[in-house]
Amino acid sequence: MRAERDDERAVPAADARSRRFPSVTRDTARPEGSGRAVPGAVSTPARQWPMLSVLTATAAGLLTTAMGQPRIGCLVIGVALITASVLRRVLPSVGMLAVRSRFTDMVTYGLLGVAITLLALVMEPKPVLEIPFLESAVRFTVR
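Residues numbered from 1 in each chain as written. Predicted model: local features only at pLDDT ≥ 70, side-chain atom pairs only at ≥ 80, totals over all residues. Heavy atoms only, no water.

Asks: How do you make sense of the overall build of the protein when you look at a structure like this?
Replies: Of the regular secondary structure elements, the protein holds seven helices and zero strands. Reading the protein from its N terminus to its C terminus gives the helix and strand order α-α-α-α-α-α-α. For the protein, the proportion of its 143 residues judged to be buried stands at 19%. Of the contacts made within the protein by residues no fewer than 6 positions apart, 54% connect residues no fewer than 24 positions apart. In the form shown here, the protein has an accessible surface area of approximately 11000 Å², with 65% of it arising from carbon and sulfur atoms. (Helix = DSSP H or I, 4+ residues; strand = E, 2+ residues; numbered from the N terminus. Buried < 20%, exposed > 50% of the residue type's maximum accessible area, 1.4 Å probe, protein only. Contact = heavy atoms within 4.5 Å. Areas by Shrake-Rupley, 256 points an atom, 1.4 Å probe, with all protein chains shown as cover.)

Asks: Honestly, the nonpolar core in this entry has me stumped. Any pointers?
Replies: Proteins that are soluble and globular tend to have nonpolar side chains buried together. Core analysis: the largest hydrophobic core is formed by eight residues, namely Val54, Leu81, Ala84, Leu87, Val94, Leu97, Ala98 and Tyr109. Element by element, the count of residues in this core is highest for helix α5 (residues 70–90), at three residues. (Core = buried A, V, L, I, M, F, W, Y, C linked by side-chain atoms within 4.5 Å.)

Asks: Could you clarify how one ought to interpret the packing of α5 against helix α6 (residues 102–121) in this entry?
Replies: Each packed pair of helices is defined by two parameters, the angle between the axes and the distance between the axes. Where α5 meets α6, the closest approach of the two axes is 8 Å, and the angle between their N-to-C directions is 160 degrees. Between α5 and α6, the crossing angle belongs to the class labelled roughly antiparallel. For α5 against α6, the interelement crossing comes out left-handed. Every residue of α6 that contacts α5 at Arg71, Cys74, Leu75, Ile77, Gly78, Val79, Leu81, Ile82, Ala84, Ser85, Arg88 and Arg89 is listed here: Arg102, Asp105, Met106, Tyr109, Gly110, Leu112, Gly113, Val114, Ile116, Thr117, Ala120 and Leu121. Split into classes, the residues belonging to the contact of α5 with α6 amount to 14 nonpolar, five polar and five charged. (Axes fitted to C-alpha atoms, helices over the stretch in contact; angles between N-to-C directions. Parallel < 35°, antiparallel > 145°, perpendicular 65-115°, else oblique. Left-handed = near helix turned anticlockwise from the far one by under 90°. Nonpolar A, V, L, I, M, F, W, Y, C, P; charged D, E, K, R; others polar.)

Asks: In this structure, what is going on with the side chain of serine 85? I would like to understand it.
Replies: Topologically, serine 85 is positioned in helix α5. Residue contacts for serine 85: discarding those within four places in its chain leaves Met106, Tyr109 and Gly110.

Asks: Is there a simple way to think about the pattern of salt bridges in this case?
Replies: Any two side chains of opposite charge can pair, given that their charged atoms come close. Scanning all chains against the criterion turns up two salt bridges. Note that aspartate 105 is salt-bridged to arginine 88, the shortest N-O span being 2.9 Å. Remark: arginine 88 occurs in helix α5 and aspartate 105 occurs in helix α6; sequence separation between them is 17 residues. Across this residue pair, the class does not change: aspartate 105 and arginine 88 are buried. Take aspartate 105: its relative accessible area is 0%, and that puts it in the buried class. When salt bridges that share partners are traced, they join Arg88, Arg100 and Asp105 into one network. (Salt bridge = Lys/Arg side-chain N within 4 Å of Asp/Glu carboxyl O.)

Asks: Just checking my understanding: could you explain unusual backbone geometry for this structure?
Replies: Trans peptide bonds make up most of the peptide bonds, and negative phi angles are found at most residues other than glycine. Of note in the backbone geometry, lysine 126 takes a positive phi value of approximately 55 degrees without being a glycine. Along the chain, lysine 126 turns up in the loop between α6 and α7 (132–142).

Asks: Where do I start with the environment of methionine 51 in this structure?
Replies: Position of methionine 51 among the secondary structure elements: in helix α4 (residues 49–66). Under the relative-accessibility criterion, methionine 51 is labelled partly exposed at 23%. For the pair methionine 51 and methionine 96, spaced 45 residues apart in sequence, the C-alpha to C-alpha distance is 6.2 Å. Beyond its immediate sequence surroundings of up to four residues, methionine 51 is in contact with Met96 and Leu97.

Asks: Teacher, can you tell me more about the environment of arginine 47 here?
Replies: Structurally, arginine 47 is set in helix α3 (residues 44–47). On the accessibility criterion, arginine 47 (13% relative accessible area) is buried. Counting along the chain gives 49 residues from arginine 47 to methionine 96, while the straight-line C-alpha distance between them is 9.6 Å.

Asks: Got a minute to help me understand the environment of glycine 73 in this structure?
Replies: Mapped onto the secondary structure, glycine 73 falls in helix α5. Residue classification places glycine 73 among the buried positions, given a relative accessible area of 0%. Those residues in contact with glycine 73 that sit more than four places away from it in its chain are Gly61, Thr64 and Thr65.

Purely geometric stuff here, so don't read any function into it on its own.
In structure tokens, the structure reads:
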């Protein structure tokens, strides 16, 4: 009788290939970004061109900042992040640029890019963009 109950609990082979989520997680899911941006016959750097282009632009912005042009460097970094957001939205597969869900990546990259770009535009001396309440907020904070 006990053997009959054990057989009832065994998972049939057809159910093992079901597309339903299991009630108990036994392994980690393959991340969305693990796909390739270019077919597998191409070398690895070429398959990861979206991530490499964003990293190259960010490195150029950091180098520009280190060379004494902080406004231009921060603008380059901000634009690189905004570009990452656009690439994540437009391309079906972006390789390692995909970290979280598509929506979360787009919002994160976009907000960080806009914030860094705005900070570069209000940077002293001679800010390109004047925000009226920013000066009073800094005076209230620093005193």
